[in-house]
Structure formats: C-alpha cells, structure tokens
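An overview of the molecular structure
Here are the chains, one letter per residue:
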Amino acid sequence: MNAPPSPLQSKSIERAARQAQVVAALKKALPAHALLWHTEDTTAYECDGLTAYRQRPLVVALPETDAQVQAVLQTCHALGVPVVARGAGTGLSGGAMPHGLGVTLSLAKFNQIVQIDPVSRTATVQCGVRNLAISEAAAPYGLYYAPDPSSQIACTIGGNVAENSGGVHCLKYGLTVHNLLKVKGYTVAGEPIEIGSTALDAPGYDLLSLVTGSEGMLAVTTEVTVKLVPKPQLARCIMASFDDVRKAGEAVAAVIAAGIIPAGLEMMDGPMTAAVEDFVHAGYDLSAAAILLCESDGTPEEVEEEIGRMSAVLTAAGATAITVSRDEAQRLKFWSGRKNAFPASGRISPDYMCMDSTIPRKRLADILLSIAQMEVKYGLKCLNVFHAGDGNLHPLILFDANDADQLRRCEQFGADILETSVAMGGTVTGEHGVGIEKVNSMCVQFSAEENEQMFAIKRAFDPQGLLNPGKVIPTLNRCAEYGRMLVRAGAIRHPDLPRF
C-alpha cells in the first residue's frame with residue numbers, strides 16, 4: 001500500500017490546488033502578462049524592506065486599470081482569498097509581506113500623475129507614483145510635496161498613505177496625513193470609495209485620518225490628492241557637534257522650548273555618523289559623540305534670523321562646534337548623509353533591523369543610554385539616527401540573518417527598545433507602521449479591550465478579514481503566547497507594562 005502523504009506533502013498539495021483555482025478565476029479578470037504564479041516569478045515579491053521575514057505569495061496580480069483592480073478584489077472576495085496590496089516594497093515593518101495562501105496585489109503600474117493644479121496647490125496622482133516624482137512634476141510651478149521619507153526616490157505615495165510616512169522635514173510640514181486631501185480606491189469587496197475632499201473639510205467622520213496609516217487593512221488606495229507648498233526662497237542647515245549624547249538630546253528640547261520650529265531637526269550618534277561619512281562624505285564631524293542637523297527655510301531675512309537664534313540656543317546647550325551650510329550644495333550634502341543612513345548601515349553589516357519607536361523629546365538621551373546598555377546585553381551593535389524634533393527614533397540593529405541566534409537576539413533587542421520607549425511615555429511606532437515586525441509589541445502598548453476596538457474597526461471595513469490579515473493588531477492568543485515567551489525567557493523588561 002502507498003503511504004499516506006506527510007503533513008508537509010498534504011500542505012503542498014492543498015496549496016497547489018488552491019493556486020490553480022485562484023489562477024483560473026483571475027485569468028478572467030486580467031490579461032496573461034498581468035498574472036504571476038510560478039516560483040521564479042513570485043519570489044521577488046516575498047518580502048518588503050524587512051528582509052528577515054519572507055513568504056512566497058500564492059499569486060501576484062499586476063492590474064493596469066481601476067476596472068482590473070476592482071475585478072481582482074471581487075474575485076478574491078468571492079473565493080475568500082486574502083489580498084495584500086503592495087507598492088514599491090520599500091516598507092520596513094513587513095507590512096507588504098505576502099500571505100502564503102493569498103494574492104499580492106501589486107499597484108506598481110498605477111504610476112501616472114493625473115493633474116498638477118498650481119492655483120489650488122494640489123496634485124492628483126495614481127497610487128504608484130513615486131514620492132519624489134510629485135515634487136519633480138510640481139517644480140515648474142515653484143511648488144513641491146513636503147513629506148520626504150529617506151526612500152522618497154523609490155517609495156510610492158500609496159505606500160506613504162498606508163504607513164502615514166514622514167521624513168526629515170516632518171517637524172515643520174507634518175506627516176502624510178497632514179498633507180492629504182483625498183484618496184480614492186476600493187473596499188475588499190471591490191466597491192469604489194472616495195474619502196476626503198478637495199475642499200477645506202469633508203462632511204461626516206474623519207475617515208481620511210482613519211485610512212491613513214491603516215497599513216492596507218481597511219481599503220486599497222488607487223488615487224491620491226495631496227497638498228503642495230511653495231518652495232522656500234532659501235534654506236540653510238546647521239550641523240552642530242556635541243561631545244555627549246545627553247547634551248545633544250537636551251539641545252533638541254531647548255530648541256523647541258525656545259519657540260523655534262525648524263524645517264528639520266535630526267540627530268545621529270557617533271557610530272552612525274562614521275558609517276554615513278564613509279559612504280557619502282557629507283563633511284560630518286567624526287570627533288563628535290552626536291551631531292544635530294537643524295534647518296531653517298523661508299525668506300532670506302527669516303532664515304538669517306532663525307539661524308542666529310538656533311545657533312545661540314545650541315551653543316548655550318553645549319555644542320562644541322557649529323557649521324552653517326555656506327551654499328545649497330553643502331546643505332544638500334548634509335541631508336544626503338542623513339538620507340543615506342540606511343544604505344550606509346547596509347554596507348557594514350549583512351543585515352539590519354530598523355526600529356521605529358517614538359518617545360517624548362526630553363527622554364532622547366535616556367533612550368540612547370538605554371540602547372547602549374542593550375548592545376552589551378544582546379551582543380549586537382546598534383547605530384542611531386532619528387527625527388529628533390518629534391522624538392521618532394530609528395535605531396538600526398546590525399546582525400546576520402543567516403545566523404539564527406543573531407536573528408533571535410536582534411528580535412529581542414528590538415522588542416526591548418520598543419517596550420522601553422513605551423515605558424518612557426512613547427509609542428511602538430512613529431512612521432514605519434506595525435506590520436509583522438511590531439505586532440507583538442502592540443500587546444504591550446494596548447490592552448486586550450483596546451485591541452478589540454481596533455479589530456471592530458477592521459471588521460466594519462473588512463468583515464472576513466481578507467485585507468492584509470495577521471498584521472498590525474494582535475489577537476488575544478498572540479498576546480498570551482508572547483507573555484508566556486517573555487516569562488520563559490526571563491525577559492519581562494517592564495513588568496508594569498504587559499497586559500496579557
């Protein structure tokens with residue numbers, strides 16, 4: 001007699017049958033070239049920028065029209081198949097990691113700029129348009145799109161909406177949500193929706209803020225209308241050096257306390273500065289324990305006055321050196337260094353995990369000193385760069401994903417940073433989203449009742465839970481298992497926080 005199939009073989013047979021069913025159904029909705037299911041074609045979609053976690057999708061759909069997006073969603077909804085929307089795949093929290101028995105809905109072909117309206121200072125674009133491309137299209141009118149994530153050369157506006165992305169100038173100009181007017185798209189059932197308005201306000205509940213940052217769990221965005229702002233007449237950047245990270249952290253608080261809202265206020269510690277300088281030669285001070293980048297923009301008179309005020313505050317806070325950009329080329333060089341922090345880290349380590357917690361500005365030095373202790377505890381190096389002005393941290397933990405023990409320690413290191421941030425009055429995420437990376441830490445941030453309220457919102461949009469399932473909101477079982485794991489590992493870091 002033939003032996004019954006093993007559990008692994010049974011799973012493979014089940015997957016193949018499901019794949020055949022989904023492919024056959026989607027062939028009625030898409031042309032042949034817009035449907036991928038062979039291993040060699042779908043492997044490229046198995047992760048986003050968080051490469052430590054991978055999952056090959058069942059099928060990848062690449063629609064080219066709204067009608068095709070609608071048909072894909074209707075088909076998947078009828079079959080009960082999970083759908084994960086994907087833009088450029090630059091996300092850093094695993095938000096676009098595929099579902100093993102689901103469809104990855106790639107919106108990369110939605111890359112057209114619909115309209116630039118210089119009179120109303122708005123841009124209407126398809127979701128697959130790159131962040132930087134919006135500013136490039138608006139430049140002839142003296143306008144630009146303010147949110148500027150470090151990945152802006154590649155990341156898409158649809159992904160920015162999903163993650164509520166920020167950037168180095170978010171302190172003055174706000175996150176994606178502050179620069180959005182309207183989004184159009186589809187529900188999980190393929191019903192068209194339009195949220196927001198090109199007017200000053202929209203009637204009813206503020207669903208635009210709800211959808212922004214929802215990480216693809218509530219709807220699929222296909223078109224976005226954003227605000228544009230005038231390009232400033234002048235911008236100059238201060239590089240301030242500090243011989244102590246506590247002084248640098250206190251200087252950030254001092255700048256804000258002085259009533260100054262810089263266009264950008266960023267901080268890098270010594271190890272990160274060294275990594276970046278070796279990569280882009282931005283002219284950073286390698287003798288400093290930390291540096292601050294403080295930018296002012298506006299009219300020449302406004303910039304001169306604000307640069308003077310910021311320089312005085314930074315000097316009083318203990319800056320050992322202050323360099324003001326002498327021209328536009330040097331200013332861009334300063335920012336080029338900051339925006340290349342991630343690739344610079346990738347040059348010196350096989351892998352890195354970029355965290356994304358937020359803390360009160362007054363605790364910047366405290367969290368940096370805590371992270372230094374964690375480096376010893378977990379035996380891994382960490383480079384620190386963050387949006388200091390609003391307390392959004394981006395510690396980059398260096399590790400080798402091919403070493404299972406290093407990956408385990410990296411995960412514990414990251415969880416420790418997030419939980420410590422919450423204990424200091426902060427949050428587990430600022431702009432990169434929760435995805436799969438921080439879903440366990442959501443058990444620490446929120447109670448079971450609060451998580452259930454978030455699930456209730458999810459069910460209102462997606463009753464079957466088919467859009468990007470298993471991410472962002474932890475289940476009771478997940479939180480309970482996470483609590484047991486911490487107890488087994490003797491790793492309860494902040495006993496007053498977990499609410500499992």
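Data block above holds the structure.
Here is a short report on the structure shown in this document. (Residues numbered from 1 in each chain as written. Predicted model: local features only at pLDDT ≥ 70, side-chain atom pairs only at ≥ 80, totals over all residues. Heavy atoms only, no water.)

Let us now look at the side chain of Glu431. Note on placement: Glu431 falls in the loop between α14 (404-423) and α15 (442-445). Of the side chains bearing the opposite charge, Arg338 lies closest to the buried Glu431, which forms no salt bridge; the N-O distance is 5.8 Å. At a separation of 2.7 Å, a polar atom in the side chain of Glu431 contacts the side chain of His387. Leave out the neighbours within four places in its chain, and Glu431 touches Glu163, Asn164, Ser165, Gly166, Gly167, Asp356, His387, Asn392 and His394. (Helix = DSSP H or I, 4+ residues; strand = E, 2+ residues; numbered from the N terminus. Buried < 20%, exposed > 50% of the residue type's maximum accessible area, 1.4 Å probe, protein only. Lys, Arg positive; Asp, Glu negative; His and termini not counted. Salt bridge = Lys/Arg side-chain N within 4 Å of Asp/Glu carboxyl O. Polar contact = N/O pair within 3.5 Å; in protein donor to acceptor, adjacent residues only side chain to side chain. Contact = heavy atoms within 4.5 Å.)

In this section: the packing of aromatic side chains. Under the criterion given, the structure shown has three aromatic pairs. Their ring planes at 20° and their centres at 5.3 Å tell us that Tyr378 and Phe413 sit as a pair that is stacked. Pair noted here: Tyr378 is in helix α13 (residues 364-378) and Phe413 is in helix α14, with a separation of 35 residues, a long-range link. A single burial state applies to Tyr378 and to Phe413, both of which are buried. (Phe/Tyr/Trp six-rings, centres within 6.5 Å; stacked < 30°, edge-to-face > 60°.)

What follows is about the packing of helix α1 (residues 7-26) against helix α3 (residues 66-79). Where α1 contacts α3, the axes come no closer than 10 Å and their chain directions differ by 140°. Our pair here, α1 against α3, has a crossing hand that is right-handed. Residues Arg18, Gln21, Val22, Ala25 and Leu26 of α1 touch α3, and the partners they reach there are Val72, Thr75 and Leu79. Taken together, the residues of the contact of α1 with α3 break down into five nonpolar, two polar and one charged. (Axes fitted to C-alpha atoms, helices over the stretch in contact; angles between N-to-C directions. Left-handed = near helix turned anticlockwise from the far one by under 90°. Nonpolar A, V, L, I, M, F, W, Y, C, P; charged D, E, K, R; others polar.)

For the rest of this paragraph, the subject is unusual backbone geometry. Of note in this structure, Asn164 is not a glycine but carries a positive phi near 50°. Position of Asn164 among the secondary structure elements: in the loop between α5 (157-163) and α6 (170-173).

Time to look at the nonpolar core. Core analysis: the biggest nonpolar cluster contains 52 residues, and Phe242, Met267, Leu292, Leu314, Ile397 and Phe413 have the highest contact counts within it. Beyond its immediate stretch of four places on either side in the chain, Phe242 contacts Lys247, Ala248, Ala251, Ala288, Ala289, Ala290, Leu292, Leu314, Ala317, Gly318, Ala319 and Thr320. In this structure, Leu30, Leu58, Val103 and Leu467 belong to the second largest nonpolar core, which totals 25 residues. (Core = buried A, V, L, I, M, F, W, Y, C linked by side-chain atoms within 4.5 Å.)

Ordered in space as β1-β2-β4-β3, the four strands form an open sheet in which the pairing is mixed. Edge positions in the sheet fall to β1 (35-36) and β3 (83-86), since each of these pairs with one other strand and no more. Bridging between β1 and strand β2 (residues 59-61) involves two bridges; their strand directions are antiparallel. Counterpart to Leu35 in the pairing with β2 is Ala61. Running over the sheet, α1 touches β1, β2 and β4 (103-106) and is turned about 20° from β2. Packed on one face of the sheet, α3 meets β2, β3 and β4 and runs near 165° to β4. (Pairing = 2+ DSSP bridges.)

The quantities given are spatial measurements derived from coordinates; they are silent on function.
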